[in-house]
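Architecture at a glance
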Amino acid sequence: MKALDELTFDNRFARLGDGFSTHVLPEPIDEPRLVVASKAAMALLDLDPTIAETPVFAELFSGHKLWAEAEPRAMVYSGHQFGSYNPQLGDGRGLLLGEVYNEAGEHWDLHLKGAGQTPYSRMGDGRAVLRSSIREFLASEALHALGIASSRALCVIGSTTPVWREKQERAAMVLRLAPSHVRFGHFEYFYYTKKPELQKQLAEHVLSLHFPKCQEQPEPYLAMFREIVESNAELIAKWQAYGFCHGVMNTDNMSILGITFDFGPFAFLDDFDAQFICNHSDDQGRYSFSNQVPIGQWNLSALAQALTPFISVDALRETLGLYLPLYQAHYLDLMRRRLGFTCPEEDDQTLVERLLQLMQGSGVDYTLFFRRLGDESAALAVARLRDDFMDLKGFDAWADLYKARVAREANGGEEQRRERMHAVNPLYILRNYLAQKAIEAAESGDYTEVRRLHEVLSKPFEEQPGMEQYAQRPPDWGKHLEISCSS
Ligand code: AMP
Ligand code: MG
């Protein structure tokens, strides 16, 4: 276990130089206080979890103190936002403080979000509000606990510094961890600004540090692109299988590592709705729940365009062609497991599609349906769940197919089925209304709710006695909360 001053830095991205990022010091926020910390994320840096409560912890992650070895930098990138190219984005309110390596030899970027203005702030104040910082913290750690790749969050530090959004709010900072903060938009920036040498330097940096095995391939950059396609196909399959809606899938919010990245107005589905739009500002529904799948491909095509200096167009096109089949294979595999199947059958895809069609418009809770389906025998479970559906005839027909399908499974009895299903079907997810309640308490200075919610979500598959209220469907007020980009 390490103390805070024992972290070992190795700032590889900073060493790329001024063409890639700009040195900026964090601008502290007033009267910093710990809102919440993740012990699991602290363990990634080998940090002793008890130090989260010490004043120096809050000072370091609110810009008041800095390690001598840290080299805070704002990264430059660009990207496609809602389908249009924005030539200059960059870290407008976050700083890469440095890269720390742990005892296992892993490097972790320390990124402080809400650290003040940078050359890339454009019209923004460089700040993040408490509300969005808590949302990012809870979502990163909850996704990780669900087995969905994500950037991680070490802590949220609150303050008394006022910031203006639609109303006056308080500034906060979230310390984000990720093995890399390189986005699709990094490659786009150097491609569209026609800086081939810097682009090559970036590509080599990414290849050697994050895709070392690809270096042994006959075409290393093509192998790297293939891995990016694969990891994103798998990631989006998990989002779809678990009902996660990212909300702002702009190419500057897409990670080359295929991790969930840059949280904004995200949501987990309550009722199943394929057309769900979680971002109140997304009028066209470009990033609606079901559109995430084709948008994943669109974003990978934007990256492919930026990689044309290194890879032939034919090879890029062929590799892009892997995305949909890979996505479908991962998705079907996950949905089979959610339904309790272990041996694939031909008609499984149809069974899944029919179920989702029945759920659509019936107001069926997406998370609880699967959890309840595994609670008891297939016959008892479908009989109990039946009442939630509008099309009873349709549901009965599906239930007959499902029961017959379960009967053909040779893998163990009732108890094994239950264990198997509960291991992949969470009881607790980060529902918007739960986040909202925790945020409202935190805004009035009470952090117990956000800490408790974080704890509950760190074991989403385990029944936690006394925590039943976190597994409930939302009350009416909590069903359609409007979450905007403002953060
Ligand atoms: P996001 O929608 O959070 O991915 O942000 C898109 C771009 O706007 C990025 O370049 C951010 O750094 C920048 N940005 C967002 N909010 C602010 C802010 N309050 N101040 C400065 N830049 C911001
Ligand atoms: Mg972003």
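Every chain is numbered independently, its residues counted from 1 as its sequence is written. Following the order in which they are written, the chains are lettered starting with A and the ligands numbered starting with 1. Selection of residues for local features in this predicted model requires a pLDDT of at least 70, selection of side-chain atom pairs for listing and counting requires 80 or more, and totals for whole chains, interfaces and linings are taken over all residues. Calculation of side-chain values draws on the structure's entire complement of heavy atoms; hydrogens and water are dropped beforehand.

1. So, the pattern of salt bridges
Where we set the bar: Any Lys or Arg side-chain nitrogen found within 4 Å of a carboxyl oxygen on Asp or Glu counts as a salt bridge. Numbered from the N terminus, helices here are DSSP runs of H or I no shorter than four residues, and strands are runs of E no shorter than two.
Tallied over the full model, the rule gives 34 salt bridges. We note a salt bridge from Lys113 to Asp262, for which the minimum N-O separation is 3.6 Å. Note that Lys113 is positioned in strand S7 (residues 107–113) and Asp262 in the loop between strand S11 (244–245) and strand S12 (267–268), a separation of 149 residues in sequence. Notably, a salt bridge pairs Asp348 with Arg336, separated by 2.5 Å at the nearest N-O pair. Linking Asp348 in helix H10 (residues 348–359) with Arg336 in helix H9 (residues 323–339), this pair joins segments that are 12 residues apart in sequence.

2. Focus: the domain arrangement of the protein chain
Accessible area lost upon the coming together of the parts serves often as the stated size of an interface. What counts, and what does not: Start and end positions for the domains come from either an automated domain assignment or a database one. Should any heavy atoms of two residues lie within 4.5 Å, those residues are considered in contact. Buried area adds together the accessible area that both of two parts lose upon being put together, with accessible area traced by a 1.4 Å probe. Under the rule applied, a polar contact is a pair of N or O atoms within 3.5 Å (in protein, one hydrogen donor and one hydrogen acceptor; residues adjacent in sequence only if both atoms are side-chain atoms).
The domains assigned to the protein chain are domain 1 (4–181), domain 2 (185–332) and domain 3 (339–422). Relative placement of domain 1 and domain 2: their C-alpha centres are 22 Å apart. Listed by partner, the interface residues are 35 residues for domain 1 and 39 residues for domain 2. Interface area lost by domain 1 to domain 2 is led by Phe20, His80 and Phe82, which between them contribute 20%. If you look at where domain 1 meets domain 2, you find two salt bridges. The interface formed by domain 1 and domain 2 includes 12 residue pairs in polar contact (both at pLDDT 80 or more).

3. A few points about the coordination of the magnesium ion (ligand 2)
As a reminder of what qualifies: For Na, K and Ca the donor cut-off is 3.2 Å; for every other metal, N, O and S atoms count as donors within 2.8 Å. Water does not enter the count, which can leave sites looking incomplete. Burial classes follow relative accessibility: with a 1.4 Å probe on protein chains only, a residue under 20% of its type's maximum area counts as buried, one over 50% as exposed, and anything between as partly exposed.
For the magnesium ion (ligand 2), the full set of protein donor atoms is Asn253 (OD1) and Asp262 (OD), and the range of their distances to it is 1.9 to 2.1 Å. We classify Asn253 as buried; its relative accessible area is 8%. Assessed through its relative accessible area of 13%, Asp262 is described here as buried.

4. Thoughts on the packing of helix H3 (residues 130–146) against helix H16 (residues 448–457)
Threshold: Under this scheme, a helix contributes an axis fitted over its contacting stretch, all axes are lines through C-alpha atoms, and angles between N-to-C directions fall in the 0 to 180 degree range. In these notes the angle categories are as follows: under 35 degrees is roughly parallel, over 145 is roughly antiparallel, 65 to 115 is roughly perpendicular, and the rest is oblique. Here a crossing is called left-handed whenever its near helix is offset anticlockwise from the far helix by less than a right angle, and right-handed whenever the offset is clockwise. Under the grouping applied here, Gly and all other residues not named as nonpolar or charged are polar, the nonpolar ones being Ala, Val, Leu, Ile, Met, Phe, Trp, Tyr, Cys and Pro and the charged ones Asp, Glu, Lys and Arg.
One way to put it is that H3 packs onto H16 with a least axis distance of 9 Å and a crossing angle of 15 degrees. Between H3 and H16, the crossing angle belongs to the class labelled roughly parallel. By crossing handedness, the relation of H3 to H16 is classed as right-handed. Note on element contacts: H16 touches H3 through Val450, Leu453, His454 and Leu457, opposite Ile134, Phe137, Leu138, Glu141, Ala142 and Ala145. When grouped by side-chain class, the residues that make up the contact of H3 with H16 number eight nonpolar, one polar and one charged.

5. Section: the pairing of S7
Going by this rule: Here, strands pair whenever DSSP counts at least two bridges between them.
Among the seven residues in S7, seven count as buried, and that is most of the element. Of the two faces of S7, the one carrying His107, Asp109, His111 and Lys113 and the one carrying Trp108, Leu110 and Leu112 are both buried. As judged from the seven bridges shared by strand S6 (residues 94–101) and S7, these two strands associate in the antiparallel manner. Bridged to Leu95 within S7 is Leu112. Turn length for the S6-S7 hairpin, with the two strands adjacent in sequence and antiparallel, is five residues, and the turn residue Gly105 shows positive phi of about 85 degrees. Strand direction decides the pairing type here: S7 and strand S10 (residues 168–178), joined by five bridges, are antiparallel. Within the sheet, the bridge partner assigned to Lys113 lies in S10 and is Val174.

6. A word on the pairing of strand S9 (residues 152–164)
For S9, the buried fraction is high: 10 of the 13 residues fall into the buried class. Pairing of strand S2 (residues 33–37) with S9, which is carried by four bridges, proceeds in the antiparallel orientation. Opposite Arg33, over in S9, you have Gly158 as the bridge partner. Bridge count for S9 against S10 is nine bridges, and the pairing is antiparallel. Residue Pro162 lies in a different strand from S10, and its bridge partner there is Arg170. Here S9 folds back onto S10, and the loop between the two strands holds three residues.

7. Quick word on the packing of aromatic side chains
As a reminder of what qualifies: Stacked, edge-to-face and tilted are the three classes for Phe, Tyr and Trp ring pairs, Trp counted by its six-membered ring, which pair at centre distances within 6.5 Å; planes under 30 degrees apart are stacked, over 60 edge-to-face, the rest tilted. Look at NZ for Lys and CZ for Arg. If either is within 6 Å of the ring centre and within 35 degrees of the ring normal, a charge sits over the ring.
Considering all chains together, one arrives at 26 aromatic pairs under this definition. The interplanar angle of 45 degrees and the centroid separation of 4.4 Å between the aromatic rings of Tyr85 and Tyr192 together place this pair among those described as tilted. Pair noted here: Tyr85 is in strand S5 (residues 84–86) and Tyr192 is in helix H4 (residues 184–192), with a separation of 107 residues, a long-range link. With relative accessibility at 28%, the residue Tyr85 sits in the partly exposed group. Taking the centre distance of 5.0 Å and the plane angle of 10 degrees together, the rings of Trp398 and Tyr402 count as stacked. With a gap of four residues between them, Trp398 and Tyr402 both fall in helix H13 (residues 392–408), about one helical turn apart. Residue Trp398 shares its accessibility class with Tyr402, and that shared class is buried. Through successive ring pairs, a cluster of aromatic residues spans Phe272, Phe289, Phe341, Tyr366, Phe369, Phe370, Phe389, Phe395, Trp398 and Tyr402. Over the face of the ring belonging to Phe266 we find Arg135, whose NZ or CZ atom lies 4.1 Å from the ring centre. Between Arg338 and the ring centre of Tyr366, over which it is positioned, the NZ or CZ distance is 5.5 Å.

8. So, unusual backbone geometry
A positive phi angle is found at Lys194, which is not glycine, with a value near 55 degrees. Residue Asp262 is not a glycine yet carries a positive backbone phi of 60 degrees.

9. A short note on the state of the cysteines
For clarity, the threshold we go by: Cysteine sulfur atoms are paired as a disulfide whenever they fall within 2.5 Å.
Summed over all chains, the structure comprises zero disulfides. The structure places no disulfide on Cys245, whose sulfur is separated from the nearest cysteine sulfur, that of Cys278, by 3.7 Å. Judged by relative accessible area, which is 0%, Cys245 ranks as buried.

10. Focus on the nonpolar core
Nonpolar side chains in soluble globular proteins tend to be buried together. The criterion, for reference: Residues enter a nonpolar core if they are buried and are Ala, Val, Leu, Ile, Met, Phe, Trp, Tyr or Cys, with the set joined through side-chain atoms within 4.5 Å.
Phe57, Phe61, Phe187, Phe369 and Tyr402 are the most contacted members of the largest nonpolar core, which totals 163 residues. Top contributing element to this core by residue count: helix H6 (residues 220–242), with 14 residues.

11. Concerning the side chain of Lys2
Using the following cut-off: Note on charges: Lys and Arg go in the positive column, Asp and Glu in the negative column, and His and the chain ends are not counted at all.
Within the fold, Lys2 resides in the segment before strand S1 (21–23). Of the side chains bearing the opposite charge, Asp46 lies closest to the buried Lys2, which forms no salt bridge; the N-O distance is 4.0 Å. In this structure Lys2 touches Thr8, Leu45, Asp46, Leu47, Asp48, Ile51, Tyr101 and Glu103, once residues within four positions along its chain are discounted.

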